[in-house]
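Chain by chain, the residues run as shown.
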Amino acid sequence: MKPFGTRLFGLVFLFLSLVPWVFGQKQKSEPPGELHVRADLLAEVTSIQPGTEFSVAVRLQMDEGWHTYWRNPGDSGMPTKITWDLPPGFVAGKTMWPAPEKFQTSHLLSFGYTDEVFLLTAIKAPKSLKSGDRVRIAARVEWLECREECLPGQADVAVVLPVLEVPPALDDRWRQGFAETRKRLPQRRPGWAVRALADRTHIRIHVRFPSGSAGVRGSGVEFFPHTEGLVDLSEPQKVIAGRGEVTIRIKRSEGFRTLPPWLEGILVFPSGGDARESPWAFLVDVPLEHQVNSLEKEVGS
Amino acid sequence: MKRFFGIIMGVCLGMVVVGFVSASSSEAVVGKTAPDFALPDSHGKTHRLSDCAGKIVVLEWLNHGCPFVGKHYRSGNMQELQKTYTGKGIIWFSVISSAPGKQGYCTPEQANTITEEKHAAPTAVLLDPEGTVGKLYGAKTTPHMFIIDKQGILVYNGAIDDIRSTNVEDIPKAKNYVRMALDELLAGKDVTVTTTQPYGCSVKYKD
């Protein structure tokens, strides 16, 4: 048993030694701090053929424990933003986002990526390019990186490619990365019928797939909306799987009063994709049918 | 006897339904009386919502380490709102629900220092390290804004504005829901946008 005085001294000392640390943390809160995510730009091809389209990827490499966000970050966070800086005549398509992971904390659910992600974009080159030109594809990437805490990150990234008249070769360094990413991109499936209905409290997505859809299991499917704030993420989704069909019932968010005319998002199936036993994402992109009774109530509210 | 069972069943069902509702959402419901609370401020004074009857009250969930909060304080946006509306008799509480050891947690002294550094002007900074009031209101993010009218009714629950970013340049372009609601209330009107999805960092509640 130590004398009380020593203990008290110890406590006071401990407290005093913590003060600068705690205040130091406060100082650090202002950006830019030390980042835990690195961004670069990778081209899938080693050259550009005039008038053709090629793919590039913004690669985000995240330190262990850190994550960045999907196009819909969920309850908290912010999607990564890419602003292109392209030479005249070049056109960038929309960012293609692989299916995200879920991050569940005690009270919030977020969507995003850990470790490494390729955010793909198709770039269309103009016909006017001449063999021997060198082209610089550049972008500003802005993201929010979070572990327990969040920091905004930003980087200017670029890749330089030569112009050649011949069809381009794939860059072996990134071949696997692009291929793996494409498996995680949402797919359209011919012959699949999708309907989305909304009433005052819920959205229901009904999917009917052809009997020949090998390995597709409806149970365990989950919907990730593209629109931020549309659905109540704290409420588990209800899945009713039948033979060749599945219905997902999702609670609407109270904070999102005006229903959009269109429902966009992905359905992640536990299996039945290209790699049969791996999860894969199905693209939902259908009109959102408003049920009449709810419309009346909407007007009244 | 049948009737008796019917009543018992009804009561049980009611309890189940109530239990379900309170489990899935907070007690703060727009259009209903805002739940009362008592919290100490950074000067040690206790504030009760019920003591604010007859006044409009704003609750702002705060974590100065959060970049979304940083956007509104670096730009001076939050301070301007606080000054404008406390100048019109509105009570503005900034509530810190970060647990000790987590981002945004402040001792009373730290809360006072940072309030001074940021030239923040709330009526008071309330300290909620247990997260009791944060959870009572269902505060999800920082910032997350609530407005209570003079009758004690919760009239707004949601985001500060409609651009979900950490970029200061977005502030002039954004529609500020809090300003809209407060101006409507001060003009004696009903609040038009009563609920939105808050955005920001997760509230750093204790584990």
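Residues numbered from 1 in each chain as written. Chains lettered and ligands numbered in written order. Predicted model: local features only at pLDDT ≥ 70, side-chain atom pairs only at ≥ 80, totals over all residues. Heavy atoms only, no water.

J.: How would you sum up the confidence of the model for chain B? Please name residues and give values.
T.: Residue and element names in this part refer to chain B. Averaged over every residue, the pLDDT of chain B is 89; residues scoring 70 or more account for 88%. Segment residues 6–24: pLDDT under 50, and three contacts once partners within four positions in sequence are set aside and those in other chains are kept. With pTM at 0.79, the complex prediction returns an ipTM value of 0.71. (pLDDT = per-residue confidence, 0-100. Contact = heavy atoms within 4.5 Å.)

J.: If you had to explain the interface of chain A and chain B to someone new, which residues and values would you point to?
T.: Counting residues at the interface gives 28 residues for chain A and 35 residues for chain B. Between chain A and chain B, roughly 2500 Å² of surface is buried when both sides are summed, and carbon and sulfur atoms account for 52% of that area. Seen at the junction of chain A and chain B, the total is three salt bridges. Arg164(B) is the partner of Glu228(A) in a salt bridge, and the nearest nitrogen-oxygen pair spans 2.1 Å. Elements represented by at least two residues in the side of chain A that touches chain B include exactly α1 (4–28), β9 (134–146) and β10 (150–162) of chain A. Here the side of chain A that touches chain B gets four residues from one element, more than from any other, and that element is α1(A). Its residues placed into classes, the side of chain A that touches chain B shows nine nonpolar, nine polar and 10 charged. (Buried area = accessible area lost by both parts, 1.4 Å probe. Salt bridge = Lys/Arg side-chain N within 4 Å of Asp/Glu carboxyl O. Helix = DSSP H or I, 4+ residues; strand = E, 2+ residues; numbered from the N terminus. Nonpolar A, V, L, I, M, F, W, Y, C, P; charged D, E, K, R; others polar.)

J.: Account for the sheet that holds strand β8 (residues 116–124) of chain A, naming residues and giving values.
T.: All names here are of chain A. The sheet built from four strands is open, its strands ordered β1-β2-β8-β5 with antiparallel pairing. The open sheet is flanked by β1 (37–43) and β5 (91–92), the only strands paired with a single partner. Running at roughly 95° to β8, helix α2 (residues 175–183) makes contact with β1, β2 (53–62) and β8 of the sheet. (Pairing = 2+ DSSP bridges. Axes fitted to C-alpha atoms, helices over the stretch in contact; angles between N-to-C directions.)

J.: I'd like to hear about the sheet that holds strand β8 (residues 154–158) of chain B, residue by residue, with values.
T.: Residue and element names in this part refer to chain B. Reading across the sheet, the five strands line up as β5-β4-β3-β7-β8 and stay open at both edges, with mixed pairing between neighbours. At either end of the open sheet lies a strand with only one pairing partner, and these are β5 (124–127) and β8. For this sheet, the mean inter-axis angle between neighbouring strands, taken without regard to orientation, is 20°. Helix-sheet contacts for helix α6 (residues 177–186) involve β3 (57–61), β4 (91–96), β7 (145–148) and β8, and the interaxial angle to β7 is about 5°.

J.: Run through α6(B), naming residues and quoting values.
T.: All names here are of chain B. For α6, the complete set of buried residues consists of Tyr 177, Val 178, Ala 181, Leu 182, Glu 184 and Leu 185. The arc enclosing the buried residues of α6, seen along the axis, measures out at 160°, which places them on a common side. The inward-facing, buried residues of α6 abut β3, α3 (77–86), β4, β7 and β8. For α6, the capping residue at the N-terminal end is Asn 176, with a side-chain oxygen 3.0 Å from the backbone nitrogen of Val 178. Of the residues flanking the end of α6, it is Gly 188, one or two places downstream, whose phi is positive at about 75°. (Buried < 20%, exposed > 50% of the residue type's maximum accessible area, 1.4 Å probe, protein only. Arc of directions from axis to C-beta. Polar contact = N/O pair within 3.5 Å; in protein donor to acceptor, adjacent residues only side chain to side chain.)

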